[in-house]
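Structural description and commentary
Each chain, letter by letter, is given below.
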Amino acid sequence: MAKKASQEPTNAADLERDLELLEADMKRLEAEYNMFFAGRLPRPPWETRGRVTAMVRRLDNIHIANTGMRFRFTTLQSRHQTFSDLWDRGLKAKEEGRPGPFANL
C-alpha cells in the first residue's frame, strides 16, 4: 500500500530551505501589515498572506521526523496564527471605525 504524497518525508535540506523561506516571508508579511496599519500601504497584503498561509498548510501536511525542525515549524505556525488573529482584529476595528490593536502606530 503506497503512502500519500503529502505524507512522504522530505529531504532535510529541502525542509530547511522551506523553513527559512517561510520565516523570511513571515517577516516580510509582518512588515507589510505594519506599513498598512501605519497608512503607508493602500490595502492589506492579501497576496503575501495567502502565500504564507499556503506554505504553512503545505508544511503542516508533511511528516517532519527531525524534532528540531518540527519544533521550529510549530513555532512559526503558532506565530503565524497569533499574528493572523491580531491582523484580523485590526482590520475589523478599522472597518468599524474604532481604535484597534494598532491605534498607537
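Everything that follows concerns the structure shown earlier in this document.
Described below are features of the structure shown in this document. Note that the structure is a prediction, hence the values are computed from the model and not measured.

Let's shift gears to helix α3 (residues 67–96). With 30 residues, α3 extends 43 Å between its outermost C-alpha atoms, agreeing within 8% with the 44 Å of an ideal straight helix rising 1.5 Å per residue. Every buried residue belonging to α3 is among M69, F73, L76, H80, S84, W87, G90, L91 and A93, and all of these are buried. For α3, the N-terminal cap is N66; the gap from its side-chain oxygen to the backbone nitrogen of G68 is 2.8 Å. Trailing α3 by a residue or two, G97 shows a phi angle of about 75°, which is positive.

Here we come to empty space enclosed by the protein. Under the counting rule described, the total for this entry stands at one cavity of 30 Å³ or more. The space that makes up the largest cavity amounts to roughly 30 Å³. Considering the residues around the largest cavity, the lining is formed by M26, L29, E30, R79, H80, F83 and W87. Breaking the lining of the largest cavity down by element, the ones donating at least two residues are α1 (12–38) and α3. Tallying contributions element by element places α3 first for the lining of the largest cavity, with four residues.

Rules behind the numbers
- Here the residue numbering is sequential within each chain, running from 1 through the sequence in written order.
- In keeping with the predicted nature of the model, local features appear solely for residues at pLDDT of at least 70, side-chain atom pairs appear and are counted solely at 80 or more, and the whole-chain, interface and lining totals rest on all residues.
- The basis for the side-chain values is all heavy atoms of the structure; hydrogens and waters are excluded.
- A helix here means a DSSP run of H or I that spans at least four residues, while a strand means a run of E at least two residues long, and both kinds are numbered starting from the N terminus.
- Helix span, expected: 1.5 Å multiplied by one less than the number of residues in the helix.
- Each residue gets one of three labels from its accessible area relative to the maximum for its type: buried under 20%, exposed over 50%, partly exposed in between, using a 1.4 Å probe on protein chains only.
- Any N or O atom pair separated by 3.5 Å or less is treated as a polar contact, with the protein-specific requirement of one donor-capable and one acceptor-capable atom, and with residues adjacent in sequence counted only for side-chain atom pairs.
- Cavity means a closed set of points on a 1 Å grid over the protein atoms alone, one where a 1.4 Å probe fits but cannot get out, pocket means an open set with protein on both sides within 12 Å along at least 5 of 7 lines, and lining means a residue has an atom within 4 Å of a point.
- Grid points are joined across faces, edges and corners, and a volume is the space filled by probe spheres set on the points.

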